[in-house]
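Tertiary structure, described
Listed below are the residues making up each chain.
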Amino acid sequence: MDTATAGKRLEQARDDLERSIAVLRGETPDGSEADTPQDPADAGARLTEADRTQAVLASASSQRTQVLNALGRIEQGTFGTCVDCGALIPEGRLEARPEASRCVSCQSKRDRRH
Ligand SMILES: [Zn+2]
């Protein structure tokens, strides 16, 4: 995949993520519902829903950061190489995840540390 194609896909992904993030932020309760009568079970359900929204929002934001970083690497001409070891990231991996910043082995080392 050439960087022009990757760039288009990344820009598309960035736009999609920004739309989702805007929608999710709109759904996040701001705490102004404190005067609503609530029984504990209901409050629990709302909290769970808010937590879920927060979790989805956090993951969309971190994905967006990865996409923006990948777009930055295209500009710097380092797109497609591993940020840790400098090896070329396999084509198939970039096809699946153009925002990937590490080769498979560096990514799995990093995932294990978490
Ligand atoms: Zn690597």
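Description of the structure in this document. (Residues numbered from 1 in each chain as written. Predicted model: local features only at pLDDT ≥ 70, side-chain atom pairs only at ≥ 80, totals over all residues. Heavy atoms only, no water.)

Side note on the overall build of the protein
In plain terms, the rule: A run of H or I in DSSP becomes a helix once it reaches four residues, and a run of E becomes a strand once it reaches two; helices and strands are each numbered from the N terminus. Partly exposed describes any residue whose relative accessible area lies between the buried limit of under 20% and the exposed limit of over 50%, with all areas from a 1.4 Å probe on protein chains only and scaled to the type maximum. Any two residues whose heavy atoms approach within 4.5 Å are treated as being in contact.
What the protein contains, in helices and strands, is four helices and zero strands. In sequence order, the protein lays out its α and β elements as α-α-α-α. Out of the 114 residues belonging to the protein, those deemed buried represent 25%. Residue pairs at least 24 apart in sequence account for 58% of intrachain contacts in the protein once pairs closer than 6 positions are excluded.

Points about the coordination of the zinc ion
Our working definition: Nitrogen, oxygen and sulfur within 2.8 Å of a metal are treated as its donors, or within 3.2 Å for sodium, potassium and calcium (Na, K, Ca); water is not counted, so a site can appear incomplete. Only two sets of limits are used to name each site, 85 to 135 degrees for every angle of a tetrahedral four-donor site, and over 155 degrees for opposite donors with all other angles from 65 to 115 for a square planar four-donor or octahedral six-donor site, with any other site named irregular.
Surrounding the zinc ion are the protein donor atoms Cys 82 (SG), Cys 85 (SG), Cys 103 (SG) and Cys 106 (SG), which sit 2.3 Å from the metal. Around the zinc ion sit four donor atoms; with metal-centred angles ranging over 105 to 116°, the donor geometry is tetrahedral. Using a relative accessible area of 7% as the deciding quantity, one classes Cys 106 as buried.

Describing the nonpolar core
Cut-off, in case you're wondering: For this analysis, a nonpolar core means a set of buried residues of the types Ala, Val, Leu, Ile, Met, Phe, Trp, Tyr and Cys, connected via side-chain atoms within 4.5 Å.
Judged by nonpolar contacts, the single largest core of 16 residues is most densely connected at Leu 10, Val 67, Phe 79 and Cys 82. Not counting residues within four places of it along the chain, the set of residues in contact with Leu 10 comprises Val 67, Ala 70, Leu 71, Ile 74, Phe 79, Pro 98 and Glu 99.

Observations regarding the environment of Leu 57
Along the chain, Leu 57 turns up in helix 2 (residues 40-76). Each C-alpha atom of the pair Leu 57 and Leu 24 lies 6.3 Å from the other, and the pair is 33 residues apart in sequence.

Overview of the side chain of Gln 107
On the secondary structure map, Gln 107 appears in helix 4 (residues 104-113). Excluding residues that lie within four positions of it along the chain, Gln 107 makes contacts with Arg 93 and Arg 102.

Considerations on the pattern of salt bridges
In plain terms, the rule: Note on definitions: salt bridges are taken to be side-chain nitrogens of Lys or Arg within 4 Å of carboxyl oxygens of Asp or Glu.
Summed over all chains, the structure comprises seven salt bridges. As a salt-bridge pair, Glu 18 and Arg 64 come within 2.9 Å of each other at their nearest N and O atoms. Of this pair, Glu 18 sits in helix 1 (residues 3-27) while Arg 64 is found in helix 2, placing the two residues 46 residues apart along the sequence. Its relative accessible area of 33% is what places Glu 18 among the partly exposed residues. The exposure class of Arg 64 is partly exposed, given its relative accessible area of 27%. A salt bridge links Arg 52 to Glu 49, with the shortest nitrogen-to-oxygen separation between them at 3.2 Å.

All quantities given are derived from atomic positions and should not be read as evidence of function.
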